Amino acid sequence: MSFLKSLFIQAVVFFAIFQALTMFKESDMLSTGEQISQQAVALKTLDGKTIELANFKKTTVVYFFAPWCQICHVSISNLQDTYEKNQQINVIAIALDYVDKKEVFEFSSQHQLTFPIVLGTEQIKHQYKIEAYPSYYVIDDKNTVIAKSMGYSSEIGLFLRTL
């Protein structure tokens, strides 16, 4: 019994330390309540279309990932499920730190993603203060950051942050 108690205590301590470190890293991200620049930044999607990162018409999850990121591989299906189940939410995923377009395409195909996948730039990475993957912002229809997170997010966690 003491082994289980010790294991439980270690798990709680690990979880608390992990949460504290995540909160510390999130403090470097854009602030909740911060206005996203109205100046449109046009980026290319995997299928060659152009998307502007400004003037969002409805609540939008802007999700930053890297194709090599293992946590991104685990959590991206939660984003896909959120997108499919909630028509009032827009989703844009931005690939960063990738080798080539093929790598991003393979990631998208592997996870059968149906929302727009954008090929990001270092400028976007710095503008949105992305330090780790995955990171995301929830932006409302007034271009204001209403939520942010870094690391794994469950489907329900993603959805709750969009309310």
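See above for the structure.
My aim in this report is to walk through the structure given alongside it, one point at a time. Note that the structure is a prediction, hence the values are computed from the model and not measured. (Residues numbered from 1 in each chain as written. Predicted model: local features only at pLDDT ≥ 70, side-chain atom pairs only at ≥ 80, totals over all residues. Heavy atoms only, no water.)

**Overview of the layout of surface pockets**
By volume, the second largest pocket amounts to about 170 Å³. Every residue along the wall of the second largest pocket is listed here: T45, L46, D47, K49, F105, S108, L113, T114, F115, P116 and I117. Residue composition of the lining of the second largest pocket, grouped by class: 6 nonpolar, 3 polar and 2 charged. (1 Å grid on protein atoms, 1.4 Å probe; cavity = no way out; pocket = protein on both sides within 12 Å on 5 of 7 lines; lining within 4 Å. Points joined across faces, edges and corners; volume = space filled by probe spheres on them. Nonpolar A, V, L, I, M, F, W, Y, C, P; charged D, E, K, R; others polar.)

**Some points on the environment of M150**
Looking at the secondary structure, you find M150 in strand β7 (residues 145–150). When the C-alpha positions of M150 and E131 are compared, they lie 9.1 Å apart, and in sequence the two are 19 residues distant. (Helix = DSSP H or I, 4+ residues; strand = E, 2+ residues; numbered from the N terminus.)

**A short note on the pattern of salt bridges**
By the definition in use, this model includes 5 salt bridges. Across the pair K85 and E155 runs a salt bridge, and its minimum N-O distance is 3.0 Å. In this pair, K85 is assigned in helix α2 (residues 70–85) and E155 in helix α5 (residues 155–161), connecting sequence segments 70 residues apart. Looking at K85, the relative accessible area reads 58%, which means it is exposed. (Salt bridge = Lys/Arg side-chain N within 4 Å of Asp/Glu carboxyl O. Buried < 20%, exposed > 50% of the residue type's maximum accessible area, 1.4 Å probe, protein only.)

**Some points on the pairing of strand β4 (residues 90–95)**
Counting buried positions along β4 yields 5 of 6 residues, so the element is predominantly enclosed. Across 6 bridges, the pairing between strand β3 (residues 60–65) and β4 is parallel. Counterpart to F64 in the pairing with β4 is I94. In the classification by handedness, the crossover that spans β3, the intervening α2 and the parallel β4 is right-handed. Where β4 and strand β5 (residues 117–119) come together, 3 bridges link them in parallel fashion. Opposite A95, over in β5, you have L119 as the bridge partner. Each parallel crossover has a hand, and the one from β4 via helix α3 (residues 101–110) to β5 is right-handed. (Pairing = 2+ DSSP bridges. Right-handed = clockwise from strand over helix to strand, strands pointing away.)

**So, the environment of D81**
Its place among the elements puts D81 in helix α2. Judged by relative accessible area, which is 26%, D81 ranks as partly exposed. Distance from D81 to E155, taken between C-alpha atoms, is 6.9 Å for residues 74 residues apart in sequence.

**Looking at the packing of aromatic side chains**
On inspection of all chains with the given rule, the structure shows 8 aromatic pairs. With 6.3 Å between their ring centres and 85° between their planes, F64 and Y137 make a pair best called edge-to-face. Placement of F64 in strand β3 and of Y137 in strand β6 (residues 135–139) is noted, with a sequence separation of 73 residues between them. Grouped by ring-pair contacts, the aromatic residues Y63, F65, F107 and Y136 constitute a single cluster. (Phe/Tyr/Trp six-rings, centres within 6.5 Å; stacked < 30°, edge-to-face > 60°.)

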